[in-house]
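Observations on the model geometry
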Amino acid sequence: MDWQPDEQGLQQVLQLLKDSQSPNTATQRIVQDKLKQLNQFPDFNNYLIFVLTRLKSEDEPTRSLSGLILKNNVKAHYQSFPPPVADFIKQECLNNIGDASSLIRATIGILITTIASKGELQMWPELLPQLCNLLNSEDYNTCEGAFGALQKICEDSSELLDSDALNRPLNIMIPKFLQFFKHCSPKIRSHAIACVNQFIMDRAQALMDNIDTFIEHLFALAVDDDPEVRKNVCRALVMLLEVRIDRLIPHMHSIIQYMLQRTQDHDENVALEACEFWLTLAEQPICKEVLASHLVQLIPILVKGMKYSEIDIILLKGDVEEDEAVPDSEQDIKPRFHKSRTVTLPHEAERPDGSEDAEDDDDDDALSDWNLRKCSAAALDVLANVFREELLPHLLPLLKDLLFHPEWVVKESGILVLGAIAEGCMQGMVPYLPELIPHLIQCLSDKKALVRSIACWTLSRYAHWVVSQPPDMHLKPLMTELLKRILDGNKRVQEAACSAFATLEEEACTELVPYLSYILDTLVFAFGKYQHKNLLILYDAIGTLADSVGHHLNQPEYIQKLMPPLIQKWNELKDEDKDLFPLLECLSSVATALQSGFLPYCEPVYQRCVTLVQKTLAQAMMYTQHPEQYEAPDKDFMIVALDLLSGLAEGLGGHVEQLVARSNIMTLLFQCMQDSMPEVRQSSFALLGDLTKACFIHVKPCIAEFMPILGTNLNPEFISVCNNATWAIGEICMQMGAEMQPYVQMVLNNLVEIINRPNTPKTLLENTGRLTSPSAIPAITIGRLGYVCPQEVAPMLQQFIRPWCTSLRNIRDNEEKDSAFRGICMMIGVNPGGVVQDFIFFCDAVASWVSPKDDLRDMFYKILHGFKDQVGEENWQQFSEQFPPLLKERLAAFYGV
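The rules behind these values
- Here the residue index of a chain counts from 1 through its sequence in written order.
- Per-residue local features are limited, in this predicted model, to residues with pLDDT of at least 70; the limit for side-chain atom pairs, both in listing and counting, is 80 or more; totals at the level of whole chains, interfaces and linings are taken over all residues.
- As a convention, hydrogens and water are excluded, and side-chain values are obtained from all of the structure's heavy atoms.
- Each helix corresponds to a stretch of at least 4 residues labelled H or I by DSSP, and each strand to a stretch of at least 2 residues labelled E; elements are numbered beginning at the N terminus.
- Buried residues are those whose accessible area, probed at 1.4 Å on protein chains only, stays under 20% of the maximum for their type, while exposed residues exceed 50% and partly exposed ones sit between those limits.
- What makes two residues a contact is simply this: any of their non-hydrogen atoms within 4.5 Å.
- We get accessible surface area from the Shrake-Rupley algorithm with a probe of 1.4 Å; when it comes to residues, only the shown protein chains can shield them.
- UniProt positions are given in the numbering used here, feature names are shortened, and annotations may be inferred rather than shown by experiment.
- Each patch is built from residues that are more than 30% exposed by relative accessible area and take part in no salt bridge. Like charges join if they lie within 9 Å; nonpolar side chains (Val, Leu, Ile, Met, Phe, Trp, Tyr) join within 5 Å.
- Definition used for salt bridges: Asp or Glu carboxyl oxygen within 4 Å of a side-chain nitrogen of Lys or Arg.
- A pair of Phe, Tyr and Trp rings is counted when the ring centres sit within 6.5 Å of each other, with Trp represented by its six-membered ring. The angle between the planes then sorts it: under 30 degrees is stacked, over 60 is edge-to-face, the rest tilted.
- A ring is considered to have a charge above it if a Lys NZ or an Arg CZ atom is located within 6 Å of its centre and within 35 degrees of its normal.
- For a helix, the expected span equals 1.5 Å multiplied by the residue count minus one.
- Any N or O atom pair separated by 3.5 Å or less is treated as a polar contact, with the protein-specific requirement of one donor-capable and one acceptor-capable atom, and with residues adjacent in sequence counted only for side-chain atom pairs.
- We call a set of buried residues a nonpolar core when its members are Ala, Val, Leu, Ile, Met, Phe, Trp, Tyr or Cys and they connect through side-chain atoms within 4.5 Å of each other.
- An automatic or database domain assignment supplies the residue ranges for each domain.
- Scored from 0 to 100, pLDDT reflects the predictor's confidence in each residue.

Our focus in this paragraph is the overall build of the protein. Along the protein, the regular secondary structure elements total 50 helices and 2 strands. Along the longest, intermediate and shortest principal axes, the C-alpha atoms of the protein span 95 × 70 × 65 Å. The buried share among the 897 residues of the protein stands at 57%. Taking contacts inside the protein between residues at least 6 apart in sequence as the whole, the part at least 24 apart equals 75%. If you sum the accessible surface of the protein, you get close to 38,800 Å²; carbon and sulfur atoms cover 53% of it.

With respect to the helices and strands, the residue aspartate 521 is situated in helix H30 (residues 516–527). Residue aspartate 521 is classed as partly exposed on the basis of its relative accessible area of 39%. C-alpha of aspartate 521 to C-alpha of lysine 561: the two residues are 40 residues apart in sequence and 7.2 Å apart in space.

UniProt records the feature "domain: Importin N-terminal" (unreviewed entry) at residues 31–99, using the numbering of this structure. Overall, residues 31–99 shows 71% helix and 0% strand. The separation of its end C-alpha atoms is 28 Å.

This brings us to the side chain of serine 190. Tracing the chain through its elements places serine 190 in helix H11 (residues 186–197). Not counting chain neighbours up to four residues away, the residues in contact with serine 190 comprise Glu228, Val229 and Asn232.

So, about a nonpolar patch on the surface. Taken together, the side chains of Met621, Met622, Tyr623 and Tyr630 define a hydrophobic patch exposed on the protein surface, amounting to about 360 Å² of accessible area. For tyrosine 623, the location among the structural elements is in helix H34 (residues 599–625). When its relative accessible area of 34% is taken as the criterion, tyrosine 623 is described as partly exposed.

This brings us to the packing of aromatic side chains. What the rule picks out here adds up to 23 aromatic pairs. Seen from their ring centres, tryptophan 876 and phenylalanine 879 are 5.5 Å apart, and the 55° between their planes marks the pair as tilted. With tryptophan 876 and phenylalanine 879 both in helix H49 (residues 873–881) and 3 residues apart, the pair spans about one turn of that helix. By relative accessible area, which is 2% here, tryptophan 876 ends up buried. Geometrically, the ring pair formed by phenylalanine 894 and tyrosine 895 is tilted, given 6.3 Å between the ring centres and 45° between the ring planes. Chaining the aromatic ring pairs together yields one cluster made of Trp804, Phe821, Trp849, Phe860, Phe894 and Tyr895. Above the plane of the ring of tryptophan 570 lies arginine 608, whose end atom (NZ or CZ) is 4.8 Å from the centre.

With that settled, consider helix H17 (residues 268–282). The end-to-end C-alpha distance of H17, which contains 15 residues, comes to 22 Å, matching closely the 21 Å that a straight helix rising 1.5 Å per residue would cover. Burial runs high along H17: 12 of the 15 residues are buried. Here H17 has its buried residues at Val270, Ala271, Leu272, Glu273, Ala274, Cys275, Phe277, Trp278, Leu279, Thr280, Leu281 and Ala282. Tucked into the core, H17 has its buried residues touching helix H14 (227–243), helix H16 (252–262), helix H18 (287–291), helix H19 (295–305) and helix H21 (372–387). Regarding H17, its N-cap is aspartate 267, as a side-chain oxygen of that residue lies 2.8 Å from the backbone nitrogen of asparagine 269 further along.

All right, on to unusual backbone geometry then. Its identity is not glycine, yet arginine 203 carries a phi of approximately 50°, on the positive side. Mapped onto the elements, arginine 203 comes out in the loop between H11 and helix H12 (205–209). Of note in the backbone geometry, arginine 388 takes a positive phi value of approximately 50° without being a glycine. Counting through the fold element by element, arginine 388 comes out in the loop between H21 and helix H22 (392–403). A relative accessible area of 38% places arginine 388 in the partly exposed class.

Another aspect to go through is the nonpolar core. Of all hydrophobic cores here, the largest spans 317 residues; its most connected members are Phe214, Trp278, Phe598, Met740, Phe800 and Trp804. Here this core takes 11 residues from helix H35 (residues 636–652), the largest share from any one element. Viewed by domain, this core spans two of them, domain 1 (1–155) and domain 2 (726–896), each represented by three or more residues. With residues up to four places along the chain from it excluded, the contact list for methionine 740 reads Met707, Ile729, Ile732, Cys733, Leu785, Val788 and Cys789. Of all hydrophobic cores here, the second largest spans 5 residues; its members include Ile313, Leu316, Val409 and Leu450.

This brings us to the environment of alanine 377. Among the secondary structure elements, alanine 377 is positioned in helix H21. Overall, the relative accessible area of 1% leaves alanine 377 in the buried class.

Assignment of secondary structure puts asparagine 750 in helix H42 (residues 744–755). Overall, asparagine 750 belongs to the partly exposed group, its relative accessible area being 27%. Counting along the chain gives 71 residues from asparagine 750 to glutamate 679, while the straight-line C-alpha distance between them is 21 Å.

The pLDDT averaged across the protein works out to 90; a share of 94% of its residues lies at or above 70. The low-confidence segment residues 346–367 (pLDDT under 50) makes 59 contacts with residues lying over four places distant or belonging to another chain. Every residue in residues 760–772 scores below 50 in pLDDT, and together they form 32 contacts with partners more than four places removed in sequence or on other chains.

What follows is the structure in structure tokens.
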């Protein structure tokens, strides 16, 4: 017997559904309480499905809402539905998937996929066969409803569908979907392609077996009248380009022609999907070969796509020039993520030209995040990196017209083009820059805010070149104008100018020192002027300034300007305010730069950081013990606080000792080092290393407890945690001396294993933008261990000498390198045999020193001559024949061998 509702119950549920559509918040609260009560009754869910599928007299929004409430219930506690209720819901869904209303069909589809993704695909064996069967229905609604549900299931459960768990249903489903590519209804054709598209990226076997049919069918739909169909065809081709380019190559010429047309499709969604094609193609090795002859068509299309559309301008309030007095709405402010502190070493590699921010065409993030303008700009950027100067003949004639165009929208797009190609075409652009940069600087005072803001961004992309010229030529005028824009009346311009100025600071570094007073006046004035969102960017500009000019900031007049507004903000913010993150990061840079100049401010800052760590740890503890009563803490507070403490220790050095003495930071650090979150451990080890350098007297009593924890964190799976732990061990060695002996075995094997790892990923350092190979840090720590405990480490020499030498040859002369090489020399003294096989690597590493201290040079001299005497003149001659000429020269000049 079918379940039937009780009339009174049904009226109650309907009333609830009506009330829940009321905008009144008080009513909404009553509805929520009522829902909680009704959810105590298992058959409440039967009423909900009944309203959705059978109560055709009700209006569609109410029926759909009933289904959505049911969907939330399924999501929350489907496991506790009594079997008869679950069965009734499933049966109703399948029987009514062909409802006359498209809204109801879509709602039932959502309900089906939600049940399926609760692990029910296995428990509902008739679902897929029945839906596939319903596709054959003569009734359009049934076919469309079933396809809509299948598309949602394919989106949510693609991996499961291609697994043995379900007996590989795709073997039947994919050929079935392909048949519908030729269906007379565009909606059905579109569903069919969308279903198959779900399986391209995972290379589902059933699709790979039918790949040629699939591609053939796609080509047949290329000129479909329906935009949704064209969009799905473009999406399919973009994905195939990534996973089955071999199948597309024979047709590449016509695919490119097709995509050139679609990138100009009058439906923007189609154009956007097609534009992705160029981004993906640029990553393929064959890009240059297949695309070169089409650039002449493609470049003007991309450039045209980079113009703001009329809708963009309305959304961006492009006609509002002054809005600085309007407070920001909270949803405008994107959550920021703090990058934990990474210990790094100075390194030889030169900065690559331009910067890594190919992604940051963030000149219009108020729009839906991704649009044709952004995609076209990103495509031009990656293509500029592939074709380099070869792009310019197609671009320069266009650029001339754009950059000097009377219409601001066109001129604006020209400035964006110029910024997009900055990285790839830098060499080819150099001859034009002496003319272009002054023109761009002029655009900074354009009457349209959107022109001023894009000019900020584009100029920042050429900052590297600007800084390489004599400062009076371009740096000074650029800086003067950018500082004016930081105080612009338009918030978007303020934001763009602040970001551009931060990039300029990174490039110019100490070149900015003569202008510090003027820069600080501007940045401090902006403090009083900015709304919430831009304040956060201003902190970044100040922190970057401190990183860039370092101790030059430590002048009483500068400190007087900068510190009062920062400390005022610091006092205004509560401990649970996320705005503390960027402020703490900023203060960390300032403290490191000011060194002793920060002393007057350090006490309250230090105390608060300790409090933040303590509060977060306590909250984490409560949450672990009573997860139902307490919320999980946001550990970023603790991470940022640990990093600022590191900045204080680094900046204040020995002065931090009294602060540490009066706090329980070592106890807290012991807990942080064992936190489950890698970023917390990463920051704790950085702080441990900095405290070891600044006030070892407080670290020493904890060494016996800390060392085993450091040893277990030498796990290269978490490369940053591992690096920071390794660096801290090295600093501890230098303080402990021979007393390190009991701990050597805890860490040595792991370090040797890490240094021998093949191709340790190169990490790009956040603070310098230079490449360093992380294995330099293990090498330095192994050297330091050997320096303080040569007897313990030397027996392992042969296992690490080669990677040790190769990873340190690129590091500049510095203290860390010095102590590590002293260690290696002492170990060679204990175990000379350990270095014999790889002696050429040792010679190469020694030659990488520009000016070692005299006593270190003597150590090198003795080892080189000792080896030469040991093997005899003739063998040495043979041996040194293998040296590259430069190495031979240096060793002869410096060490006379």
